[in-house]
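A look at the structure
The primary structure of each chain is shown beneath.
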Amino acid sequence: MIKSINPTTGQTMKQYSYMDKNQVDQAISQAQQAFHERKQTTFQYRAGLFHKLAEIMDANFEELAKLNTLEMWMLFKDAQWDVKKSAVNVRFFADNAERLLADKPFDEWWLKGKIVYEPLGVLFSVSPWNYPFNQVLRNAVPNIMAGNVVLMKHASNVPQVAEKIERLFQQAGFPKWVYQNMFLNYEFTEYIISHPAVRWSNCTWSEKVWKEIGQFAWQYLKPSVLELWWSDSFILMHTDDVDKIIPFAIQWRFSNAWQKCNSSKRFIILESVYDEFCTKFAEAVSNLKVWDPMLADTKIWPLAKKNAVFGLDQQVQDSIKAGAKLLTGGKIIEWEWNFYTPTVIGDVKPWMRVFDEETFWPVAAVCKAKDIEDIIALANNSVFGLWASIFGDDAEQKSYIASKLDVANVSINRIVTSYAFLPYGWIKNTGYGKELGEQWIKTFTNEKVIIY
C-alpha cells in the first residue's frame, strides 16, 4: 500500500493500492491507443487544453497549495508558489510549442529539404516529491504539447497530489489516457522501460533509482534524461557590505526548508569576509522560527520524511568529528515531528561529508577560501554540477569566476531559480540532459530530416 502520511503527526490520511501487472499492461496499452489518436491533433488544440488546465490551477491555487502543505508539509507560501509557477510553465509551453517545434527548411550543399520534429509516443517519468506540482508539470506539459502521452510515477509520499494532478488533466478536458498517474512499486521499473510501446524515460530521484533507470534505458536503447544529486555553491568575494548578502544567503539555503535541488549547499567565502559572514549568517539562521508551515512567520518546518532527520544528523556529527565547527543548530528537536534545528557548520573541508555529499536538509556548510583561484578550486571540487551563485563588489572578478565554474547554471547577484524559456540542466554526476527551454521540448521528438 502507498500511504499518504502527515509528516508532523505520522498519521495516515489516505491509502492507495499498488498497481499489479495487469493494471500496468492496461495503462501502457491505453497510453499507446491515446498516442495514435493524439499525434494527429494540432498545436492549437493542445494549447487550448493546457490554457484550461492553467485556468483551473489559478482558480484553485489555495486549495492545491494546502494539499502540498498537508501532505509534503511545504511552507504554505512556497506551496502557493509551486502551484503558480506550474501554471506559468504550462502557459509558456502552450503558447510556444508550435514555434519551438516548427519545421526548419534548409538549402545547403545543393540540397533542399526540411527538419521536422515528430512525437515519439509513450513516455515514462519518475518524479520527486519536493515540488509536487512543478516537477511533474514541467515534465509532462512539453511532452504532451509535442504530441506524446505520459505515464507518470510520482513520489510515494505525495500520493494525494499525484491523484489530484491526474484529475486536473481530466477536469481540463484532456482525452483519456493522455496523462496517467501510476501508483507503482519499483519492481515494475525495468518492465515498463523495456516495453516496446514505451519510447523514452525521465527521472529526478535518488542515486539508487537514477542508476537503475539509467541502466535500463541504456540496456533497452531508450533515450533518457536523468537528474541525480546536487551540491551547489554560494560564492562570496570581498564586499564592504556583508549585511546586504546575509538575506540572500538565507533565502538561497532555506527555500522550501532546504529541500530544493538548486539551493546553495556549500558556502565558499573569501577569507577577508569569512569571520564576519559566519558570525552574521549563524546568528540569522539561529533566529529562524521553526513551527507550523501554515503560519506566515514560520521559516523552517518539518522535513518531509522521518528517516531524513536521522540521516541528516549523522552527516552533521560525522563532519564535526572530522574537524568542522558547529556554529549553530546541529540537533534533532525532541518533538514527535520531523524537525531538525537550522544548522550552520564552519571550517568545512573537501573530505567532510557535508562538503562531499548533498545536504538536502537544513544544513549550510561554510568553507574559507584564500583567493579567487582557491574559490574556483573549492567550487569545482565536487562530483556534482548544477548551479552556482556569485556575490561580491568586483564585477570583473565575478565574471571571471563564472567563466571557470564547472556547472551548468550560474547566477550573479540574482535569485537561483529555473525559467521555462531557459535550458535547466546539469553535468558530472548530477545527471545528463536538460529540462525547460527549446532543447527540452525537442528531447521528446524524432528530429527527422527530409531531403527533396
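A separate point is the overall build of the chain. Per the secondary structure count, the chain includes 15 helices and 22 strands. The C-alpha radius of gyration of the chain comes to 23 Å, within 12% of the 22 Å expected for a compact globule of 452 residues. Considering only C-alpha atoms, the chain reaches an extent of 65 × 60 × 40 Å along its principal axes. Across the 452 residues of the chain, 57% fall into the buried class. By element, 52% of the accessible surface of the chain is carried by carbon and sulfur atoms, the whole surface being about 19,000 Å². Of the side-chain charges in the chain, 49 are positive and 51 negative, and the distance between the mean point of each set is 4 Å.

On the surface, a cluster of negative charge is contributed by D240, D241, D393, D394 and E396. Structurally, the position occupied by D393 is in the loop between β16 (387-391) and α14 (395-404). Note on D393: relative accessible area 44%, which makes it partly exposed.

Further remarks concern the sheet that holds strand β13 (residues 343-346). Pairing is mixed in the open sheet, where seven strands are placed in the order β12-β13-β14-β11-β10-β16-β17. Only two strands of the sheet have a single partner each, and these edge strands are β12 (325-328) and β17 (409-412). For this sheet, the mean inter-axis angle between neighbouring strands, taken without regard to orientation, is 25°. Here β12 runs beside β13; their pairing, made up of three bridges, is antiparallel.

All right, on to unusual backbone geometry then. Glycine aside, negative phi is the norm for most residues, and most peptide bonds take the trans geometry. Backbone geometry at W109 places phi at a positive 50°, although glycine is not the residue there. With respect to the element layout, W109 can be found in the loop between β3 (104-108) and β4 (111-119). Backbone geometry at N413 places phi at a positive 55°, although glycine is not the residue there. Looking at the secondary structure, you find N413 in the loop between β17 and β18 (424-425). For N413, a relative accessible area of 37% puts it in the partly exposed group.

For the structure on display, the rule yields 16 salt bridges. Salt-bridge contacts for K114 lead to D103; the nearest nitrogen and oxygen are separated by 3.7 Å. On the criterion of sequence distance, the pair formed by K114 in strand β4 and D103 in the loop between α4 (76-100) and β3 is long-range, its members being eleven residues apart. Taking relative accessible area as the criterion, D103 reaches 41% and is therefore assigned partly exposed. Close ionic contact of E438 with K104 constitutes a salt bridge, the shortest N to O distance being 3.9 Å. Highlighted residues: E438 in helix α15 (residues 437-443) and K104 in strand β3, separated in sequence by 334 residues. By relative accessible area, which is 36% here, E438 ends up partly exposed. Given the relative accessible area of 38%, K104 is considered partly exposed.

As a further point, take a nonpolar patch on the surface. Taken together, the side chains of L111, V449 and I451 present a nonpolar region at the surface, about 260 Å² in accessible area. Within the secondary structure, I451 is located in strand β22 (residues 445-451).

Evaluated as defined, the whole model comprises 16 aromatic pairs. Between F248 and F391 the ring centres are 5.2 Å apart and the planes differ by 40°, which places this aromatic pair in the tilted class. One end of the pair, F248, is in helix α9 (residues 242-254); the other, F391, is in strand β16, with 143 residues separating them in the sequence. The exposure class assigned to F248 is partly exposed, which follows from its relative accessible area of 27%. F391 sits in the buried class, given a relative accessible area of 2%.

One turn of the α-helix equals 3.6 residues, which is why residues spaced by three or four share an orientation. Taking 1.5 Å per residue as the helical rise, α4 with its 25 residues ought to reach 36 Å, and the 34 Å between its terminal C-alpha atoms agrees with that figure. Residue A94 marks the point of greatest curvature in α4, where the axis turns by about 35°.

As a further point, take the pairing of strand β10 (residues 232-236). Of all five residues making up β10, five are buried, and the element is well covered by its neighbours. Burial along β10 is two-sided: D232, F234 and L236 facing one way and S233 and I235 facing the other are all buried. Pairing analysis gives five bridges linking β10 to strand β11 (residues 264-270), with the strands arranged parallel. In the strand pairing of β11, L236 is matched with I269. For β10 and β16, the ladder comprises four bridges, and the chain directions are parallel. Of the residues in β16, the one forming a bridge with I235 is I390.

A few words on the environment of Q80. Here Q80 lies in helix α4. The contacts of Q80, once residues within four sequence positions are left out, are F61, E62 and A65.

Side chains that are nonpolar tend, in soluble globular proteins, to be buried together. F50, L53, F277 and F281 are the most contacted members of the largest nonpolar core, which has 134 residues in total. The residues contacting F281, other than those within four sequence positions of it, are I246, A249, I250, F267, V344, A364 and V366.

The next thing to look at is the packing of α9 against helix α10 (residues 271-286). For the pair α9 and α10, interaxial distance at closest approach is 10 Å and the crossing angle is 55°. The angle between α9 and α10 falls in the class oblique. The two elements α9 and α10 cross, and the hand of that crossing is right-handed. Only V273, E276, F277, K280, F281, A284 and V285 of α10 make contact with α9, whose side of the interface consists of V242, D243, I246, A249, I250 and F254. In the contact of α9 with α10, the residues fall into ten nonpolar, no polar and three charged.

What counts and what doesn't
Residues numbered from 1 in each chain as written. Predicted model: local features only at pLDDT ≥ 70, side-chain atom pairs only at ≥ 80, totals over all residues. Heavy atoms only, no water. Helix = DSSP H or I, 4+ residues; strand = E, 2+ residues; numbered from the N terminus. Rg over C-alpha atoms; globule rule 2.2 N^0.38 Å. Buried < 20%, exposed > 50% of the residue type's maximum accessible area, 1.4 Å probe, protein only. Areas by Shrake-Rupley, 256 points an atom, 1.4 Å probe, with all protein chains shown as cover. Lys, Arg positive; Asp, Glu negative; His and termini not counted. Charge placed at Lys NZ, Arg CZ, Asp CG, Glu CD. Patch = residues over 30% accessible without salt bridge, like charges linked within 9 Å, V, L, I, M, F, W, Y side chains within 5 Å. Salt bridge = Lys/Arg side-chain N within 4 Å of Asp/Glu carboxyl O. Pairing = 2+ DSSP bridges. Axes fitted to C-alpha atoms, helices over the stretch in contact; angles between N-to-C directions. Phe/Tyr/Trp six-rings, centres within 6.5 Å; stacked < 30°, edge-to-face > 60°. Expected span 1.5 Å × (residues − 1). Bend = angle between axes of the 7 residues up to and from the residue. Contact = heavy atoms within 4.5 Å. Core = buried A, V, L, I, M, F, W, Y, C linked by side-chain atoms within 4.5 Å. Parallel < 35°, antiparallel > 145°, perpendicular 65-115°, else oblique. Left-handed = near helix turned anticlockwise from the far one by under 90°. Nonpolar A, V, L, I, M, F, W, Y, C, P; charged D, E, K, R; others polar.

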